[in-house]
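Chain by chain, the residues run as shown.
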Amino acid sequence: MALPTHVTLLDVGPRDGLQNEKQAVATAHKVELVQRLQAAGVKEIEVTSFVSPKWVPQMSDGAAVMAAIERRVGVRYSVLVPNLKGLEAALPTRPDEVVVFGAASEAFSQRNINCGIEESIERFRPVAAAARAAGLKVRGAISCALGCPYQGEVSLDDIERVVRLMKSIGVQHLGIADTIGVGTPRRAQAALERALAHFPLEEVSGHFHDTYGQALANIYACLELGVHSFDASVAGLGGCPYAKGATGNVASEDVVFMLNGLGIHTGIDIDALVDAGAFISGVLGRAPVSRAGKALLGKRAAS
Ligand code: HMG
Ligand code: MG
């Protein structure tokens, strides 16, 4: 199949990235990150999560962040919700999309959301119904689809089982996540194919962490399937508090650089994206993890 001509990038940095920071990040800095991402042309942004502040204190200012961002027409703002309590907190903040997050591995489900897979789906069922009734889009994320830090191997049938369950409760878009970054290209394709068996091409996305340096190769492999939606994180921010040792998501700058080289349109200005990555990395007191970001900043400094 010919590669897609256009890719939609969802930047998960403000949520998946900043949820993992040990240091407190000021609400104003979170807001500025979102503003910079949308100014760079990012059309989908995962802004925050409405989860228990005891579990993930870094996201406890979610409502304040949502209230302070200046919304742009054509940008979709999403938030994670693990249960009805989270949805009730999220609704007044006017997200466009809510994300329910399950796992392909029982062990990870227990560690991340304190319940097994079946029970998690039963918790998500009323969340999905209420969100759709409120006119919001519902995305489902399946963590640890390519490997689990507690259980190790995850089978394709395990993935497909959760894909089916997500579909059965009214999830409209499905993201397959390699939370610990162990996936390799053929395996990534096989995982996405299990999602594509139940969801249309435009409603399946890949979410790859770069722990083992495989994320861009995995994205390319998914492009070969025609998949044209991917999550990425500016400056390579991220990890997951319940997946020790997992490094950040693939850096948005690296993905855009590769897609630009392939002639695939994203609508994102890579220079402005690099600036957004430099901004948040400066806030965190470190260099951007993005290889393309570092190279482009170096080139600028030299010229
Ligand atoms: P629990 O302790 O089993 O739930 O947590 P509970 O219902 O017994 O509630 C315990 C306390 O939390 C209660 O407060 C609740 O009110 C409160 P208390 O009575 O003790 O004062 N609570 C809440 N507070 C605010 N918002 C809520 C909420 N729910 C309960 N929504 C729960 C279960 C799911 C809540 C918990 O395990 C949790 O919040 N987990 C969050 C985990 C998380 O955010 N993980 C990171 C995101 S997933 C991820 O990063 C992976 C992904 O990006 C893909 C990838 O990267 O590969 C998606
Ligand atoms: Mg992630």
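Please refer to the structure higher up on the page.
Residues numbered from 1 in each chain as written. Chains lettered and ligands numbered in written order. Predicted model: local features only at pLDDT ≥ 70, side-chain atom pairs only at ≥ 80, totals over all residues. Heavy atoms only, no water.

Chemist: Help me understand helix H2 (residues 27-39) in this model?
Modeler: Taking 1.5 Å as the rise per residue, H2 with 13 residues should run 18 Å; its terminal C-alpha atoms sit 18 Å apart, in good agreement. Every buried residue belonging to H2 is among Lys-30, Val-31, Leu-33, Val-34, Gln-35, Leu-37 and Gln-38, and all of these are buried. Looking at the buried positions of H2, the neighbouring elements they touch are strand E1 (8-11), helix H1 (13-17), strand E2 (44-49), helix H3 (62-68), strand E3 (76-80) and helix H11 (270-284). In the segment just after H2, Gly-41 is the residue with positive phi, at about 105 degrees. (Helix = DSSP H or I, 4+ residues; strand = E, 2+ residues; numbered from the N terminus. Expected span 1.5 Å × (residues − 1). Buried < 20%, exposed > 50% of the residue type's maximum accessible area, 1.4 Å probe, protein only. Contact = heavy atoms within 4.5 Å.)

Chemist: Explain the coordination of the magnesium ion (ligand 2) to me, please; I cannot follow it from the model alone.
Modeler: Reference values for coordination geometry: four tetrahedral donors around a metal ideally subtend 109.5 degrees, six octahedral donors ideally subtend 90 or 180 degrees. Coordination sphere of the magnesium ion (ligand 2), protein contribution only: Asp-16 (OD), His-207 (NE2), His-209 (NE2) and Asn-249 (OD1), at 1.8 to 2.5 Å. Sequence spacing among the residues donating to the magnesium ion (ligand 2) works out to D-x190-H-x1-H-x39-N. (Donors = N, O, S within 2.8 Å, 3.2 Å for Na, K, Ca; no water.)

Chemist: For this particular structure, what's the right way to read the site of ligand 1?
Modeler: Around ligand 1, 26 residues are found, and the nearest of them are Arg-15, Gln-19, Lys-54, Asn-114 and Thr-179. Here Asp-16 contributes a side-chain N or O atom positioned 3.2 Å from an oxygen atom of ligand 1. At a separation of 2.6 Å, an oxygen atom of ligand 1 approaches a polar side-chain atom of Thr-179. Protein burial of ligand 1: of its 1100 Å² of free accessible surface, 75% is covered by the chains. Mapped onto the shell around ligand 1, the elements with two or more residues apiece are H1, helix H4 (84-90) and helix H5 (106-113). In terms of residue class, the shell around ligand 1 is made up of eleven nonpolar, ten polar and five charged. (Near = heavy atom within 4 Å. Polar contact = N/O pair within 3.5 Å; in protein donor to acceptor, adjacent residues only side chain to side chain. Areas by Shrake-Rupley, 256 points an atom, 1.4 Å probe, with all protein chains shown as cover. Nonpolar A, V, L, I, M, F, W, Y, C, P; charged D, E, K, R; others polar.)

Chemist: Teacher, can you tell me more about the layout of surface pockets here?
Modeler: Over the atoms, a rolled probe matching the size of one water molecule traces out where space is still vacant. Within this model, the largest pocket holds a volume of roughly 510 Å³. Lining of the largest pocket is provided by 34 residues; of these, Arg-15, Leu-80, Phe-101, Asn-112 and Ile-113 occupy positions nearest its centre. Among the secondary structure elements, those contributing two or more residues to the lining of the largest pocket are H1, E2, strand E4 (97-103), H5, strand E5 (137-143) and strand E6 (173-178). Class assignment for the residues of the lining of the largest pocket results in 16 nonpolar, twelve polar and six charged. (1 Å grid on protein atoms, 1.4 Å probe; cavity = no way out; pocket = protein on both sides within 12 Å on 5 of 7 lines; lining within 4 Å. Points joined across faces, edges and corners; volume = space filled by probe spheres on them.)

Chemist: What is the right way to read the packing of H11 against helix H12 (residues 291-302) from this model?
Modeler: When two helices pack together, their arrangement is given by the angle between the helix axes and the distance between those axes. As a packed pair, H11 and H12 sit with axes 10 Å apart at the nearest point and diverge in direction by 100 degrees. Comparing the axis directions of H11 and H12 gives the class roughly perpendicular. Between H11 and H12, the residues in contact are Ile-270, Asp-271, Val-274, Asp-275 and Ala-278 and Gly-293, Leu-296, Leu-297 and Arg-300, respectively. Taken together, the residues of the contact of H11 with H12 sort by class into five nonpolar, one polar and three charged. (Axes fitted to C-alpha atoms, helices over the stretch in contact; angles between N-to-C directions. Parallel < 35°, antiparallel > 145°, perpendicular 65-115°, else oblique.)

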